Structure formats: structure tokens, C-alpha cells
Amino acid sequence: MSSQPPHALEHGAVPWLLTGALATAGPHAEHLPLWLSLLVASSLLWRAWLWQQRRPLPPRWSLALLVAVGVAGIAWQFHSLFGKDAGVAMLVLFMALKPMETRHRRDALVIVMLGYFLLLTHYFYSQSIPTGLWLLIAMTLLTGALISLHGGGAQPIMTIARQAALLLLQALPFMFILYLLFPRVTGPLWGLPEDARASLSGLSGEMSPGSISHLIQSGAIAFRSRFAGETPEKADLYWRGPVFDSYDGVTWRTATPPARLPRPAPVIEASGTAYAYTSILEAHNQRWLLALDVATSLPPEGSLAPTFEVLAREPLRVRTRMSFVSAVDYHANRIEAPAILQQALALPARINPRTRALASSWQSLPAEKIAAAALSMFRQEDFHYTLRPPLLGADAVDEFLFVTRRGFCEHYASAFVFLMRAAGVPARVVAGYQGGEVNPVDGYLTVRQSDAHAWSEIWLAGKGWVRIDPTAAVAPSRIEQGIVAALPEGEPLPSIVRLDATWLRQLRNRWEAANNSWNQWVLGYNPQRQRELLSWAGLSDPDWQSMTASLAILCSLALLIITWWTLPRRRRADPAQRAWQRYCAQLARRGVGRATWEGPLAFAQRVARERPDLAALTSEAAGCYAQLRYGRNGSENLLERLQQCVRRLPPQRP
Amino acid sequence: MPPMLPMTRPSPVTRILAAANAVILGKSSQTRLALCCLLAKGHLLIEDLPGVGKTTLAHTLARVLGFQFSRIQFTSDMLPADIIGVSIFDRESGNFQFLPGPVFSQVLLADEINRATPKTQSALLEAMEEGQVTTEGETRPLPEPFFVIATQNPSTQIGTFPLPESQLDRFLLRIELGYPDHDAERALLESGGRRKQLPTLASCLDPGEFAAMQQEVAAVYSSPALLDYLQALVEATRQDARLVHGLSPRAALSLLAAARAWAFSDGRQMVLPEDVQAVLPAVARHRLRLVSGSYAGSEDIAALIRSLPLP
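Residues numbered from 1 in each chain as written. Chains lettered and ligands numbered in written order. Predicted model: local features only at pLDDT ≥ 70, side-chain atom pairs only at ≥ 80, totals over all residues. Heavy atoms only, no water.

### Things to note about the overall build of chain B
Convention followed: Comment: elements are numbered from the N terminus, with helices defined as DSSP H or I runs of at least four residues and strands as E runs of at least two. Our radius of gyration is a C-alpha quantity, and the globule rule it is checked against amounts to 2.2 Å times the number of residues to the power 0.38. Only heavy atoms enter the contact rule, under which two residues are in contact if any of them lie within 4.5 Å. Each accessible area value is a Shrake-Rupley result obtained with a 1.4 Å probe; residue values ignore everything except the protein chains displayed when judging cover.
Along chain B, the regular secondary structure elements total twelve helices and nine strands. For chain B, whose C-alpha radius of gyration is 20 Å, the value lies close to the compact-globule estimate of 19 Å for 311 residues. Across chain B, every contact between residues at least 6 apart in sequence was considered, and the portion connecting residues at least 24 apart equals 76%. Just so you have it, chain B exposes about 14200 Å², and 55% of that area is on carbon and sulfur atoms.

Given below as C-alpha cells:
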């Protein structure tokens, strides 16, 4: 038996293949090395040119050479041929080179299948709405290539595109069912280890001059919160991040308490309104959960640190939704552990002598007066709030307080805490976010990296830890109106924060609200939500058998509906036809069956001959039906009469 | 019980058929088909043995409808000029003068058309198609309306030139008369032939009434469902392996026109599948040739109809 010659590749299918390949491989250019992207682009262009000129494909040895070069390049770049990035690079390389040796339909099918697979890999890098939309388009193109490969190549582009879109539309119900019911895995399926180490913007575990003013230049969203009841005053919106109580003269860090010491549980005495809210925290690879200062009720994943920030068990590697309750009027740790107070007074030796001198002149005053004195210094002297402070030397606090007097929140917080400690008042730096902007579209308070802030806390006997924000003394508008109002024009703020045009601002709000819904409802559909949905649907605590069964049932149902929908129209009999067929079936039971090809009036005439007792009724039914189906205007009235004829048939004689 | 359908009693049609059936006995369905053919503005081909009343039918229809009638007996030595007419030199005026031939009449009975040579046949068929005659560079219109009723002996008979398919296609309907039944033949024998009645037969139509009827026929409604059925029939002939080829689009148009006329003759304003089925043999049999070489028989047409279910 001789093997059949393979199907030749249809000329008209090549543009579909190449466009599909380009759409699928193209977005990977964002994270692939430039040389590979150039190789891919030139290969596809070359193939398109060969197609246009109807030239023969290059010889096999040249392709083998290209593959060898590409694979060697990937191995050199990624030090491996496997793993996420190298694997994707290999697939992209094959996707670009395969069209070069595609002479038969079989090869083309390989490209399409490879394309479908390559589509999935985009989700390693992005799961945003634009990615999803783009992949839909790419999938339509690949499906169009599939259609054009099977004899559709000569059809106009729009016809093929419509067909492909229709096919995908039919797949939509299945996608929906599988999405809802397929067992979910915690975290993203492709949560490969290196993803977790990827650099993400956010507060870091230490603070030095410039670290926050650097962060502020990002317009990225840190988290969104929606308050169940009223939203607190803007001046009360302090979102607590890491607490720094150790200073080395340049950098503030979180002191690691000696493990042997007992760590007292924090004691919070809250009064006033309890604000309940739900936050959607972007991944930042740290443990703190940025609750409103101070949290009184925590999500199950969180715990309150001795320094009152909420900490998760694991660094936050995926976007997470959590519910908190916070109070803004509170007393925290009226009785504090001596070790913590001792740490809150520690200063590096021998630096900033002028500051120490100033502080020692206040030492006789009570603690509250000391703080007030420092704040009034900030307020009265010529201090400036700016994102571009001059560089500071070894005695940073001295230089800042007495020479430059220009700084950002971290300068003020740092100098204030230094002053307090030097004057004998326990103090520490708190980093976090301050403020936020309510998105009128969905009512979420959006907090960006540009809202990052640092303030300070002092411990007063009988009052506990009290927040003091020296920035508020220098630039009150920073706290009351936000960063944009506080900084003069020309400061390097991200443009997304400084949007003046109303329509642009609205556009941004809408886009962010849409993203938020997408993140919550599509990407945030986790095992817990799946359980909630299933129990709402009456399947509480389903095991895998009932999940599989419901999957199968729903898929079959969808298949049935689609099949019914796509059946030829004439199968779906109109009511007149149904009534007439019922009538004829009734007559057939009474011994006069209508031949399949017999028209209504001819049938009525035959009935009149064979069963004169049914003649009049049949003639009426046939007349109504003929008029309904073949007449110029059938009316409801006629249909009713026809249906009555069926009912008026005399009972069957035994 | 009131009538179900808007029955506009077509008194003209009834009158014509009654008058014609009084002359041609026992052939009411053929008479009706013949009338429908004229109502649908088509030419009629009657095929049967000599002496079964073909000429009488044609002549009767012409008289009943009040049309001017002429007849040509086709023979094998006939020339086109014998049909169209000739120009004769008039010695007095010194000009050629055209003497119109028998084709210049409203109803032309072309008797035994298959006895003439193909050349003469085609001269007539061209006149049928175009409604005008061109001789010696001058085009002369034929009268309005212009119908050809041709009769043909079964082509198996000796001395005939069978009409080619392309020319058969120009006849809207082809009917067969067949022998009369027992009673009709007895009545015929008793009365001593019907032809002598013809001269006394008066038209039962007012002038212009026939044209109005033709307009009404063209306006008979054919619903999408009916067109579906008609197309299915036509497509079935094209897919039937026993047939050399199926019905042409022109044949489909003819089928619809004839079915309209049939519905009209039944007093209806809409076409039903029954109408299509009734005229299908007359429309299709001379257009469909079996692989075996003969034309489709009435059994083949009936099988075709039975193969297509009606909802």
C-alpha cells in the first residue's frame, strides 16, 4: 500500500498562518532578548515575502543552521533550554522558523497547534484585561488559519474571520462552565518560584534618605480599600506599614528583638468609630498588610505585630483580598515592655552633635512639650517640603535641621525621631501610606505608591504610643489634600497622579475600576470563592465526583443548546406547521394518513372522499394552514382556528 | 360553514372551460392546462397520435378566447417563407410588397411541427421567442397576444424531425391528449364529430378581459415556503442520477408561472404545492431526458414529487 501524498499547503492560508504566528509570538518581545525578537520578526517577514513572490522556500540546511544559531543563543542567554523563560523563548523560535519549512497542510497544522499552546504562555507574564483581549484576537487569527487550511483559503477575509469568531463564540459557554467548576488551585497555577522573587514596587524593609521619595515617583497602585460604612477623614488615613526602631546614622531598620525575650502581645484600647473595610492588596513580596492605623480586627491570615502593623505569615506574593476593622482613636500599649522602650531610645554614638545639644536643652521639659517644641521648630523655621532635597553628609540630621532644611517625609520623620530620642523620649519611625483617592466609579479608595509616607510615634506614659507626623507641621496640605497639593509644580511626580484634565481623570478612574473588578472577580476566583459559589448553587462542600458530574451535565447541556441553536431553521417548525402536523397525525390515527408529499388542499379533498364525516373540519384546517403557510398574510386568528380544529376533532372511534 | 379561503369565483375561467369542454369531451384537465399555458403567456405543445383532437383543442381555445386564428400544416418540403410571408414585386407601384404569412395571427396552430425540416422549425421558434419577424432587413412585430400551439406526432413515427431540447424548452407546457374514454367517445360518435361546431363557437370574453386575467395571474402570491418547495423540486431533478441533466432556471421560472396560472384557474390568490405538482409533468417532461435516452415519463415525475416531503 502506498502512502497518500500529503495535502499541499493552500496559498491563501499562508497570510493567516503568518498573522497568527505574529500575533501569538509578538507580545513576547516584551521580555525576550532583542536579538531573538529581531530573528523572529525577520523570519516571518522573509516568509511573507517568499509568499508574495511565490518563491520556493529556503533549503533545509539553511534552516538547520538558523535553528542551531537560535538554540545556541537561547542557551547562552538563559544558561538553560528549560524553565519558564528559556522554554518560552524556544517555543517562539520554533513558531517563527516552522513556517519556513511549511509546504504541506500537516506542517501548517503544527504551527496552529503550537500557536494555541504558545497563547497560554502569555499568562506567565501578564493576566491583565488587555492581555486577555489580545489573546482572544490571536486565537481568532489562529482559528482563521485553521479554517483557511481546510479549504477556506479562497474565501474573503471577513468570511473566515466571522466563521472563526462564531466557532469561538460557541466555545464560550464551555469556557464559562470550566472556569466556574473546574477545581481551582490556590494561587496562580504558574506560580513558579522565580515569580515570587521578581522585583515588585512597594515599601522596603528599611528607610534611608531618598527611599520613599524614590517610591513616590511610581503611580502604581499599592492597594484599594472599600469601607463598609463611612470613610474616615483624609487626615486620619494612615496605613501602617513597617515600623523602624533602629538607626545607624543613615538607614532606619526594624530591630530584630532578641529571641529569648518575651514578646508582649499588643494591647489596643480603641474608642470612637470602628471602620470596617475590605482591601485588595497588590503583591509586594513583604509580610506587612497595610491596615488602617490601628487594626482592631484582622483577617485570618494576619496577626498584629508588637509594633501594631499587621503581618501575614508569608510574604504577599499574589494580589490578595482581605477584610479589616480599624479604629483611628486609640491608646496602644500604655504599658510597654522595657526592651522595646530601650530600643526606642537607642542612638548611634557621636553623630549629630548639634541636634543632641538642642535636644538636651529640652530634657527638663515633659515629653509632650518636647514634641511640641520640635514641631514648632519645623513650623516656624524656614523648612521646605520637596522631593528633591540636597544630599546630606555624615551628620545627616544636623545638616538637615540646621543647614539645608529641605527634605521629604523621611527626612522629617527621621530628624524628629532622632530629636526625641536624644531628648529622652521613646520614639520610632513608621512607614506606610497616607491618604488615597476615592474612585467615584466603584467607590474604592485607591492608594498608590505615590501616597507612600513616613511618620513617627512617641511613647507617652499613660497614653501609650502617639502618632506625630512632623510632615504635617511643615506641609499641612500633604496630609489634608494629598501629595499633589503639597508639592509645587515641577516636582517629579508621576503624571498619572497629577492628572488635571477631568476626562483623563475619569478615564483613568474607569479603567482602574474595570481592572479592580477583573482582579477581584476573574483573577480572584479562588478555591474559597468557588466553594461559596457552589454552596450557593446547592452543592455545599462538593467532592470531586459531584464536581465532575456537574461539569459533565452542564457541558452536555451547553452542547445541546448550541446544537439546537445551529440546527437548520426549517427544522424548527413554526406554530402553524406544528398544529397542522398534529392535525394530520390525529387523522392518521383515524385511518387517513397524509402522504408526506401531499399538499393541504389535496389532502383535504382525499379526506372528503374517504371520510366524508371529517371532510368539513379537514377542509377548514387545510384552508387555514394553506393560508398561514402559503398565503400573503396569515393572522393569529387563523392560527387559533387551525389549533381549534385539532381540538375539535371527534374522539377516536374504537 | 363559510368558505375558508377567499374564493373569488373566476367566472371568466369557468366560462371558458365550460365552453371548451362542451366541444372537447372528457379532456377537462388538458383543456385547463392548455388555458393555463396561455394565461401564463407561454406557448403550448400538444403531442399525441393523429386524430385524437389536437387541432380541435387548439382551434376551440382560439375561438372561445376570441382570438384571430390561423393554421399551418407542416410538411417536410416547407420553407420559412411559407410561415413568415414573402415580398412580391408589385408591377403597378414598382415596389416589393410584403405578403404576411400565417405567423401574423394571434393564435397560430402549427400542426405536426416535427414533420418540417429543422430550418423551417427554427424560423417559427425564433418568431415565438422574440414576438417579431425579420425579413429582408425589416422587422415586423407580431400581433399581441401571440400564441403558438404546436402539435407533434410522437417522434417514434416515421418521417419526423424531432425538435431538439433547446427548442422544446421554448414551450411552456407540453400536454398529451390520449384516447377519449368510453362515454366521451360514444358522445363523439353520436354527434358525428365536433369540428362542425367550431365556426358557430362565439367568444366568451370581452375585449381586454384576457389581458387583465394574465395580469392577475402574474400577481398570484408565491410565499417563501412555496418557493422553498419549488426550488427543492428543481434541485432534486439536478441531483437525480437517472436524469441526464436537471431543470434549468428558465424551466424553474416556467414552473412558477404555470403554477400561478393553475392556482388562478382554481380561484386562488396564492400558489400551493398542489399547483406546482399539478403542472410539473407538463412543465418538466419535455425538458428532462433520462439516461436511457427517452424523455421522463409521468411515473418519473410522480416519483420525484413523492420523494420530497411537505411539512
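### Things to note about the overall build of chain A
Keep this limit in mind: Lys and Arg are tallied as positive, Asp and Glu as negative. Neither His nor the chain termini are counted. Here the site of a charge means NZ on Lys, CZ on Arg, CG on Asp, or CD on Glu.
When helices and strands are counted, chain A shows 24 helices and 18 strands. Here the C-alpha atoms of chain A give a radius of gyration of 37 Å, more than 25% beyond the 26 Å that 2.2 N^0.38 yields for 654 residues. Excluding contacts between residues fewer than 6 apart, the proportion of contacts in chain A whose partners are at least 24 apart in sequence is 72%. For chain A, the exposed area adds up to about 33100 Å²; of that, 61% sits on carbon and sulfur atoms. A gap of 13 Å separates the mean positions of the 63 positive and 48 negative side-chain charges of chain A.

### Considering empty space enclosed by the protein
Stated precisely, the cut-off is as follows: Space inside and on the surface of the protein is sampled on a 1 Å grid over the protein atoms alone, with a cavity defined as a set of points where a 1.4 Å probe fits but cannot get out and a pocket as an open set with protein on both sides within 12 Å along at least 5 of 7 lines; lining residues have an atom within 4 Å of a point. Grid points are joined across faces, edges and corners, and a volume is the space filled by probe spheres set on the points. Classification used: nonpolar for Ala, Val, Leu, Ile, Met, Phe, Trp, Tyr, Cys and Pro, charged for Asp, Glu, Lys and Arg, polar for all others including Gly.
Taken as a whole and assessed by the stated rule, the structure comprises two cavities of 30 Å³ or more. In this structure, the largest cavity spans a volume of roughly 110 Å³. Elements with a minimum of two residues in the lining of the largest cavity: helix H13 (396–404) and helix H14 (409–422) of chain A. For the lining of the largest cavity, the element with the most residues is H14(A), which contributes four residues. In the lining of the largest cavity, the residues fall into ten nonpolar, three polar and one charged. Quantified by volume, the second largest cavity comes out at close to 60 Å³. Looking at the second largest cavity, the residues that line it are Thr237(B), Asp240(B), Arg242(B), Leu243(B), Leu288(B), Ala296(B), Asp300(B), Ile301(B) and Leu304(B). Residues that form the lining of the second largest cavity fall into these classes: five nonpolar, one polar and three charged.

### Some words on the sheet that holds strand E1 (residues 206–207) of chain A
Residues and elements named next belong to chain A. The cut-off we apply is this: The rule for pairing is simple: two strands pair if DSSP sees at least two bridges between them.
Spatially, the three strands line up as an open sheet ordered E1-E5-E4, and their pairing is antiparallel. Two strands in the sheet have a free side with no partner beyond their single neighbour: E1 and strand E4 (246–247). With two bridges joining them, E1 and strand E5 (residues 252–253) adopt antiparallel strand pairing. The partner of methionine 207 across the bridge, within E5, is tryptophan 252.

### Points about the nonpolar core
The condition that has to hold: Within this scheme, the nonpolar core is defined by two criteria: the residues are buried Ala, Val, Leu, Ile, Met, Phe, Trp, Tyr or Cys, and they are joined through side-chain atoms within 4.5 Å. Exposure categories follow from relative accessible area, calculated using a 1.4 Å probe and restricted to protein chains: below 20% of the type maximum is buried, above 50% is exposed, and the middle band is partly exposed.
Within the largest apolar cluster, 101 residues are counted, with the highest numbers of intra-cluster contacts made by Tyr583(A), Leu173(B), Phe210(B) and Val276(B). Among the elements that take part in this core, helix H10 (residues 249–265) of chain B stands out by supplying ten residues, more than any other. Core analysis: the second largest hydrophobic core is formed by 78 residues, Tyr277(A), Phe324(A), Ala473(A) and Val497(A) among them.

### What about the interface of chain A and chain B?
Applied cut-off: Throughout, the accessible surface (probe 1.4 Å) given up by two parts as they are put together, summed over both, is called the buried area. Whenever a carboxyl oxygen of Asp or Glu lies within 4 Å of a side-chain nitrogen of Lys or Arg, that contact is scored as a salt bridge. Pairs of N or O atoms are called polar contacts if they sit within 3.5 Å, as long as, within protein, a hydrogen donor faces a hydrogen acceptor (for residues adjacent in sequence, only side-chain-to-side-chain pairs).
Across the boundary between the two partners, chain A contributes 23 residues, which contact 22 residues of chain B. Taking both sides of the interface into account, the surface hidden between chain A and chain B amounts to around 1900 Å²; carbon and sulfur atoms contribute 63%. Where chain A meets chain B, there are zero salt bridges. Applying the counting rule to chain A against chain B returns seven residue pairs in polar contact (both at pLDDT 80 or more). For the side of chain A that touches chain B, the elements supplying multiple residues, two or more each, are helix H21 (575–589), helix H22 (600–610) and helix H23 (612–630) of chain A.

### Notes on H13(A)
Residue and element names in this part refer to chain A. Taken as a whole, H13 has its buried residues at Ala396, Val397, Asp398, Phe400, Leu401 and Thr404. Elements in contact with the buried residues of H13: E4, helix H11 (353–361), helix H12 (367–380), strand E13 (406–407) and H14. Positive phi shows up at arginine 405, right after H13, with a value of about 55°.

### A short note on the domain arrangement of chain B
All names here are of chain B. Keep this limit in mind: Annotation comment: domain bounds sourced from an automatic or database domain assignment.
As far as domains go, chain B holds domain 1 (18–218) and domain 2 (220–311). Averaged C-alpha coordinates put domain 1 and domain 2 at centres separated by 24 Å. The junction of domain 1 with domain 2 conceals about 2000 Å² of combined surface from both sides, 54% of it contributed by carbon and sulfur atoms. Of all residues in domain 1, Arg32, Asp169 and Arg174 give up the largest surface area on contact with domain 2, accounting jointly for 29% of the area buried on that side. Taken together, the links from domain 1 to domain 2 amount to five salt bridges. Its salt-bridge partner being aspartate 266, residue arginine 32 comes within 4.0 Å of it at the nearest N-O pair.

### Looking at a nonpolar patch on the surface
Formally: For patches, a residue must show more than 30% relative accessible area and have no salt bridge; joins then use 9 Å for like charges and 5 Å for nonpolar side chains, namely Val, Leu, Ile, Met, Phe, Trp and Tyr.
On the surface, Leu166(A), Leu169(A), Leu172(A) and Met175(A) cluster together into a nonpolar patch covering about 410 Å² of accessible area. Within the element layout of this structure, Leu172(A) appears in helix H7 (residues 157–181).

### Details of unusual backbone geometry
All names here are of chain A. A cis amide bond, omega 5°, links aspartate 293 with the succeeding residue valine 294. With respect to the helices and strands, valine 294 occurs in the loop between strand E7 (291–292) and strand E8 (295–297). Within the chain, phenylalanine 308 stands out as a residue other than glycine whose phi angle is a positive 75°. Among the structural elements, phenylalanine 308 can be located in the loop between strand E9 (302–304) and strand E10 (310–312). Despite not being glycine, asparagine 352 has its phi angle at roughly 55°, a positive value. Structurally, asparagine 352 can be placed in the loop between helix H10 (338–343) and H11.

### Section: the confidence of the model for chain B
All names here are of chain B. Worth spelling out the cut-off: The predictor attaches a confidence to each residue, and that confidence, scored 0 to 100, is pLDDT.
In this model, chain B carries an average pLDDT of 84, and 95% of its residues clear a pLDDT of 70 or more. Element-level pLDDT for chain B is lowest in helix H6 (residues 165–168), with a mean of 80, against a maximum mean of 93 in H10. Scored below 50 in pLDDT, residues 1–10 shows 19 contacts in the model against residues more than four places distant or in partner chains.

### Comments concerning the environment of Ile72(B)
Relative to the assigned elements, Ile72(B) resides in strand E2 (residues 69–73). Every residue in contact with Ile72(B), bar those within four places of it in the chain, is listed here: Met78(B), Ile83(B), Pro102(B), Leu108(B), Leu109(B), Ala110(B) and Asp111(B).

### Considering the pairing of strand E6 (residues 132–135) of chain B
Residue and element names in this part refer to chain B. The side-chain alternation of E6 yields one buried face, formed by Val133 and Thr135, and one unburied face, formed by Gln132 and Thr134. As judged from the four bridges shared by E6 and strand E7 (residues 138–141), these two strands associate in the antiparallel manner. Considered in E7, the bridge of glutamine 132 is made with proline 141. Counted along the chain from E6 to the antiparallel partner E7, the turn is two residues long, and its residue glutamate 136 has a positive phi close to 45°.

### Let's talk about the side chain of Asp451(A)
Residue and element names in this part refer to chain A. Here aspartate 451 lies in the loop between strand E16 (445–448) and strand E17 (452–460). It is arginine 478 that comes nearest to the buried, bridge-free aspartate 451 among opposite-charge side chains, at 5.0 Å. If sequence neighbours within four positions are ignored, aspartate 451 has contacts with Gly432, Tyr433, Gln434, Gly436, Thr446, Arg478 and Ile483.

### A closer look at the environment of Thr151(B)
Residues and elements named next belong to chain B. Relative to the helices and strands, threonine 151 resides in strand E8 (residues 147–152). On the basis of relative accessibility, which here comes to 0%, the residue threonine 151 falls in the buried class. For the pair threonine 151 and aspartate 48, spaced 103 residues apart in sequence, the C-alpha to C-alpha distance is 7.6 Å. Excluding residues that lie within four positions of it along the chain, threonine 151 makes contacts with Ile46, Lys54, Leu109, Ala110, Asp111, Glu112 and Ile113. Side-chain polar atoms of threonine 151 contact the side chain of aspartate 111, separated by 2.6 Å. There is a polar contact of 2.8 Å between the side chain of threonine 151 and the backbone nitrogen of glutamate 112.

### Thoughts on the packing of aromatic side chains
All names here are of chain A. What counts is decided by this rule: Working definition: a ring pair exists when centres of Phe, Tyr or Trp rings (six-membered ring for Trp) sit within 6.5 Å. Plane angles under 30 degrees give stacked, over 60 give edge-to-face, the rest tilted.
Throughout the structure, instances matching the rule amount to 25 aromatic pairs over all chains. Between phenylalanine 400 and tyrosine 412 the ring centres are 5.0 Å apart and the planes differ by 80°, which places this aromatic pair in the edge-to-face class. Of this pair, phenylalanine 400 sits in helix H13 while tyrosine 412 sits in helix H14, placing them twelve residues apart in sequence. With respect to class, phenylalanine 400 is no different from tyrosine 412; both count as buried.

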